[in-house]
Amino acid sequence: MLSTLNPFAPPPSPSSSSSTRPPPPSNPSLPLRPSPTPQISSHLFSHPSSLLLELCSDPRELRQFLPLVIKHGLFHEHIFQTKLLGLFSRFGHLQEAALVFDSIADKTDDLYHSMLKGHAKHSPLDKTLAFFCTMKHSQVCPVVYNFTYLLKSCGDNADLARGREIHSQLIANGFSSNVFTMTAVVNMYAKCRRVDEARKMFDRMPERDSVAWNAIVAGYAQNGLAEGALGMVVRMQDDGVAPDSITLVSALPACTNIRSLRAGKSVHGVAIRAGFDSLVNISTALVDMYSKCGAIEKARLVFDRMRLKNVVSWNSMIDGYGQSGDAEQAIRLFKKMLAQGFEPTDVTIMCALHACGELGDLEEGRFVHEMLTRLGLGSDASVMNSLITMYSKCKRVDLAAEIFECLKAKTLVSWNAMILGYAQNGRTDDALRLFSMMQWENVKPDSFSLVSVIPALADLSVLRQAKWVHGYAIRLCLDGNIFVRTALIDLYAKCGRVNMARKLFDTIHERHVTTWNAMIDGYGTHGFGKSAIELFEEMKRSPVKPNNITFLCVLSACSHAGLVDEGQKYFASMKKDYGFEPGMDLYGSMVDLLGRAGKLDEAWDFIQKMPIKPGISVYGAMLGACKIHKNVQLGEEAAKRLFELDPEDGGYHVLLANIYAAASMWEDVARVRTMMEKNGLQKTPGCSSIDLKNEVHTFYSGSTNHLQAERIYARLDRLIDEIKAVGYMPDTESIHDVEEDVKEQLLNTHSEKLAIAFGLINTSPGTPIQIRKNLRICTDCHNATKFISQVTEREIIVRDIQRFHHFKNGRCSCGDYW
DNA sequence: GTCCTTTCCG
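Conventions used here
- Residues numbered from 1 in each chain as written.
- Chains lettered and ligands numbered in written order.
- Predicted model: local features only at pLDDT ≥ 70, side-chain atom pairs only at ≥ 80, totals over all residues.
- Heavy atoms only, no water.
- Helix = DSSP H or I, 4+ residues; strand = E, 2+ residues; numbered from the N terminus.
- Rg over C-alpha atoms; globule rule 2.2 N^0.38 Å.
- Buried < 20%, exposed > 50% of the residue type's maximum accessible area, 1.4 Å probe, protein only.
- Contact = heavy atoms within 4.5 Å.
- Areas by Shrake-Rupley, 256 points an atom, 1.4 Å probe, with all protein chains shown as cover.
- Lys, Arg positive; Asp, Glu negative; His and termini not counted.
- Charge placed at Lys NZ, Arg CZ, Asp CG, Glu CD.
- Axes fitted to C-alpha atoms, helices over the stretch in contact; angles between N-to-C directions.
- Parallel < 35°, antiparallel > 145°, perpendicular 65-115°, else oblique.
- Left-handed = near helix turned anticlockwise from the far one by under 90°.
- Nonpolar A, V, L, I, M, F, W, Y, C, P; charged D, E, K, R; others polar.
- Phe/Tyr/Trp six-rings, centres within 6.5 Å; stacked < 30°, edge-to-face > 60°.
- Core = buried A, V, L, I, M, F, W, Y, C linked by side-chain atoms within 4.5 Å.
- Domains from an automatic or database assignment.
- Pairing = 2+ DSSP bridges.
- UniProt positions renumbered as here; feature names shortened; annotations may be inferred.
- Salt bridge = Lys/Arg side-chain N within 4 Å of Asp/Glu carboxyl O.

### Looking at the overall build of chain A
Then step 1. Across its full length, chain A holds 41 helices and six strands.
Then step 2. Taking 818 residues into account, the globule formula puts the C-alpha radius of gyration at 28 Å, and chain A, at 35 Å, lies well above it.
Then step 3. C-alpha extents for chain A along the principal axes are approximately 115 × 55 × 55 Å.
Then step 4. A total of 818 residues make up chain A; the buried ones form 50% of that total.
Then step 5. Intrachain contacts of chain A at a sequence separation of at least 6 include 62% that bridge at least 24 residues.
Then step 6. Carbon and sulfur atoms form 53% of the exposed surface of chain A, whose accessible area is close to 39,700 Å².
Then step 7. Of note, chain A has its 90 positive side-chain charges centred 4 Å away from the centre of its 90 negative side-chain charges.

### Some thoughts on the environment of Arg718
Then step 1. Inspection of the secondary structure assignment puts Arg718 in helix 38 (residues 709-725).
Then step 2. The class for Arg718 is partly exposed, based on a relative accessible area of 49%.
Then step 3. When the C-alpha atoms of Arg718 and Gly224 are compared, they prove to be 66 Å apart, with 494 residues separating the residues in sequence.

### As for the packing of helix 34 (residues 616-628) against helix 35 (residues 632-644)
The description of two packed helices rests on the angle between their axes and on the distance between the axes.
Then step 1. The contact between helix 34 and helix 35 brings their axes to 9 Å, and the two run at 155 degrees. Put simply, helix 34 runs roughly antiparallel to helix 35. As helix 34 runs across helix 35, the sense of the crossing is left-handed. Together, Ile616, Tyr619, Gly620, Met622, Leu623 and Cys626 of helix 34 and Leu634, Gly635, Ala638, Ala639, Arg641 and Leu642 of helix 35 make up the contact between the two elements.
Then step 2. Class assignment of the residues belonging to the contact of helix 34 with helix 35 gives a composition of nine nonpolar, two polar and one charged.

### Quick look at the environment of Ala251
Then step 1. In this fold, Ala251 is placed in helix 12 (residues 245-257).
Then step 2. On the basis of relative accessibility, which here comes to 1%, the residue Ala251 falls in the buried class.
Then step 3. For the pair Ala251 and Met306, spaced 55 residues apart in the sequence, the C-alpha separation amounts to 20 Å.
Then step 4. Dropping the residues within four chain positions of it, Ala251 is found in contact with Leu230, Val233 and Val267.

### Points about the packing of aromatic side chains
Then step 1. Inspection of every chain in the model, using the stated rule, returns 25 aromatic pairs.
Then step 2. An angle of 80 degrees between the planes, with centres 5.1 Å apart, marks the rings of Phe404 and Trp415 as edge-to-face. Residue Phe404 is located in helix 21 (residues 397-406), and its partner Trp415 is located in helix 22 (residues 412-424); the two are separated by eleven residues in the primary sequence.
Then step 3. Given a relative accessible area of 1%, Phe404 falls into the buried group.
Then step 4. On the accessibility criterion, Trp415 (2% relative accessible area) is buried.
Then step 5. Ring centres 6.0 Å apart and planes at 85 degrees place the aromatic pair Phe435 and Tyr472 in the edge-to-face group. Placement of the pair is Phe435 in helix 23 (residues 428-440) and Tyr472 in helix 25 (residues 463-475), with a sequence separation of 37 residues. With respect to class, Phe435 is no different from Tyr472; both count as buried.

### Some words on the nonpolar core
Then step 1. Counting residues in hydrophobic clusters, the biggest one holds 215 residues, and the most contacted among them are Met418, Leu450, Ile454, Leu491 and Met622.
Then step 2. For this core, the leading source of residues is helix 8 (residues 179-191), giving eight residues.
Then step 3. Here this core spans two domains, since at least three of its residues come from each of domain 1 (142-239) and domain 2 (324-409).
Then step 4. Look past the residues within four positions of Leu491 in its chain and what remains in contact with it is Ile454, Leu457, Ala458, Ala466 and Val469.
Then step 5. Ranked by size, the runner-up nonpolar core spans 30 residues in total, among them Ile712, Tyr713, Ile756 and Ala757.

### With respect to the sheet that holds strand 1 (residues 687-692)
Then step 1. Read across the open sheet, the six strands follow the order 2-1-3-4-5-6; overall the sheet is mixed. Each edge of the open sheet is held by one strand with a lone partner, namely strand 2 (695-700) and strand 6 (811-812).
Then step 2. Relative to strand 6, strand 5 (residues 804-808) is paired through two bridges, and the arrangement is antiparallel. Bridge pairing in strand 6 links Phe807 to Cys812.
Then step 3. Most of the contacts of helix 41 (residues 779-792) go to strand 5, to which it runs at about 40 degrees, and overall it touches strand 4 (796-799), strand 5 and strand 6.

### Description of the UniProt feature "repeat: PPR" (unreviewed entry) in chain A
Then step 1. Under the UniProt annotation, "repeat: PPR" (unreviewed entry) lies at residues 178-208, 209-243, 310-344, 411-445 and 512-546.
Then step 2. The annotated region residues 209-243 carries 74% helix and 0% strand content, and the separation between its end C-alpha atoms amounts to 11 Å.
Then step 3. Helix makes up 74% of residues 512-546 and strand 0%, and the two end C-alpha atoms of the span are 10 Å apart.

### Some words on unusual backbone geometry
Then step 1. Its identity as a non-glycine residue notwithstanding, Arg193 has a phi of 60 degrees, on the positive side.
Then step 2. Under the relative-accessibility criterion, Arg193 is labelled exposed at 56%.
Then step 3. Here Arg259, not a glycine, exhibits a phi torsion of approximately 50 degrees, which is positive.
Then step 4. Assignment of secondary structure puts Arg259 in the loop between helix 12 and helix 13 (261-274).
Then step 5. In this structure Arg259 comes out as partly exposed when scored by relative accessible area, which is 49%.

### Quick word on the pattern of salt bridges
Then step 1. Applying the stated criterion across every chain yields a total of 28 salt bridges.
Then step 2. In this structure, Asp577 and Lys576 form a salt bridge, with 3.7 Å as the shortest nitrogen-oxygen distance.
Then step 3. The class for Lys576 is exposed, based on a relative accessible area of 67%.
Then step 4. Residues joined in a network through salt bridges with shared partners are Asp126, Asp159 and Arg162.

Shown next as structure tokens:
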């Protein structure tokens with residue numbers, strides 16, 4: 001700015017202190033130009049003109065000035081030393097400030113105060129306090145603002161111990177009723193999350209100005225105590241202090257926090273009446289409040305009416321769209337922001353990445369990735385964490401892993417994001433590997449880590465691991481966390497321990513909607529439809545409102561238990577009583593409900609009447625029902641439409657082939673197989689696994705590579721004879737083009753049977769056997785297992801991809817209805 | 001010379 005200064009302008013009046021000084025002129029384009037140093041002539045360095053130094057708005061200009069100061073021998077003049085020191089410390093160049101400071105022989109108190117301020121604003125807390133100590137040792141008398149700066153620094157570092165120390169020193173220095181220091185004390189305690197202590201100090205203040213009130217309002221708001229914050233806003237008015245814009249900008253996030261549109265609107269009203277609503281920070285907070293309170297259109301209205309927007313305003317609106325599920329609008333606004341020439345910040349990038357992830361838009365995601373690299377945000381941990389999540393959501397967990405591996409400053413969030421990414425992309429082993437690795441690297445898992453890894457364990461359904469992670473959660477003192485507990489409920493249910501799940505459920509008093517959903521679904525997959533319904537009815541009487549997932553769980557429970565009327569009733573109630581518009585999965589559930597129960601025509605009719613175009617899940621359910629009830633004609637219809645939707649999963653083709661096979665339509669079976677090959681679709685090989693003595697044993701159909709293979713096959717041979725003796729008939733009708741005995745042989749070596757035989761050999765009599773199958777259990781194995789449970793007097797629990805089957809005394813809990 | 005807005009993982 002030096003070139004813009006008029007050297008002939010009258011010098012500022014000597015009485016003008018720094019507090020009333022106008023802000024330094026700022027022209028962002030100027031500091032980039034080389035400074036016209038030679039044009040500055042030495043006559044400027046008369047004493048009044050030394051004030052010029054103060055007008056330096058950036059350290060660069062200061063550095064350009066310095067050689068001149070030295071050249072003209074002014075460096076040792078007190079006024080220059082004072083000003084230089086002040087400037088260096090204001091700009092955070094503490095080393096240079098210290099150089100000036102140390103060179104001064106007889107230091108005035110002012111110089112100490114100036115140094116302390118610089119340290120408090122720019123140095124680590126340790127250094128600041130060390131300087132404060134030397135200051136006291138040099139017999140410098142502390143002043144009010146020494147303490148306010150020190151306390152702010154303690155608050156920013158959330159260093160309660162040091163905060164208390166400063167607090168007591170302040171009392172010793174007789175500042176305990178000063179409104180400035182005490183406001184800083186209130187703020188410090190609030191920042192250290194000790195709102196009660198902050199409040200105690202606030203109540204003890206002999207007088208309170210609006211700043212003091214703002215400190216306590218913000219204190220409550222930032223600690224998630226919205227009611228406290230809003231209560232204090234009321235109290236301050238009763239006390240005759242009018243809320244200012246700072247009060248309101250703190251009160252708004254409090255309304256946002258409790259999602260209270262009503263409170264937010266009333267603050268908006270106050271802001272309008274006081275004329276604060278045109279302030280950029282107020283209107284930005286309003287945008288955030290409205291969008292988070294579910295009034296996204298109103299947020300957009302406020303946003304569009306803003307005459308002045310800053311990056312934060314844009315970020316709030318973009319994130320508002322992202323959080324309310326409108327990722328497309330978020331991206332559109334992001335583009336608009338770029339078009340208007342705003343430079344995205346780390347926050348903008350994170351919001352944009354979130355939206356890309358939601359949309360699964362890899363191309364856009366890559367574009368944002370390139371942009372953030374250009375912007376130099378490639379080492380910002382938060383940004384990189386968002387990138388990991390974006391790539392994971394776009395099903396490119398490989399790219400996510402690449403980012404994670406290269407990320408130098410991994411945070412706990414990075415680990416959590418990567419674990420979740422693996423878990424959600426079916427990379428269970430990698431999720432578990434990372435979870436144990438993080439502990440090797442001394443990163444302590446938190447509730448998010450557990451909530452990410454537990455579903456991966458639920459995928460494996462190994463009870464031993466479930467118990468281990470439960471114990472681990474207890475040791476980490478995280479088992480009380482509602483989301484961890486909910487994940488554990490789901491885990492126990494998926495490990496076949498629905499009673500244990502219920503026990504955990506009963507210990508939770510403040511249940512989240514997902515807690516109810518997990519338990520209802522647990523009952524549903526175990527075929528306990530009645531229990532699921534009872535629990536749902538209990539939920540309706542609780543303060544927690546069901547969401548559309550709840551209805552999905554309830555309908556699937558009804559479907560697995562054959563409760564057709566109940567299911568239909570709930571489907572109707574969902575729209576009528578709760579106003580939920582059913583999604584594709586719910587329609588699929590309804591088709592499943594009707595179809596499984598044999599009401600195939602009704603199911604088909606239901607599909608024709610759907611208000612939205614039926615998707616894969618709907619025709620998939622129809623096809624599955626046609627397989628159960630051996631309906632070739634409707635099966636073909638469903639498959640035709642299903643294949644038009646181009647599913648990536650080859651399972652539907654297999655389903656159709658099985659429908660044909662059951663009807664002995666072998667040419668059609670062959671046709672479907674050819675079609676699969678042509679489309680590059682593969683049948684997922686069926687496999688069954690069983691957990692034994694800390695090891696998971698996995699079997700594929702006919703596999704002979706197990707160490708105990710000989711014993712297993714021998715036991716299986718005997719087993720087949722035993723169950724045949726009590727009435728088992730091999731279901732060979734769905735196998736074609738081989739001899740009868742080969743058919744039997746093929747059936748007998750199904751993975752389910754191998755796993756059961758292995759379990760029988762290796763466990764003592766009476767021990768329940770638990771198997772996990774990656775596809776649906778086959779009809780013959782289901783039948784055989786019933787007989788096996790009878791002849792061996794074992795309880796056999798099979799979890800297939802759809803549900804649980806509890807076999808006992810020759811019967812299955814699904815009532816052969818699955 | 002104190003107080004204030006936006007953001008990542010469930």
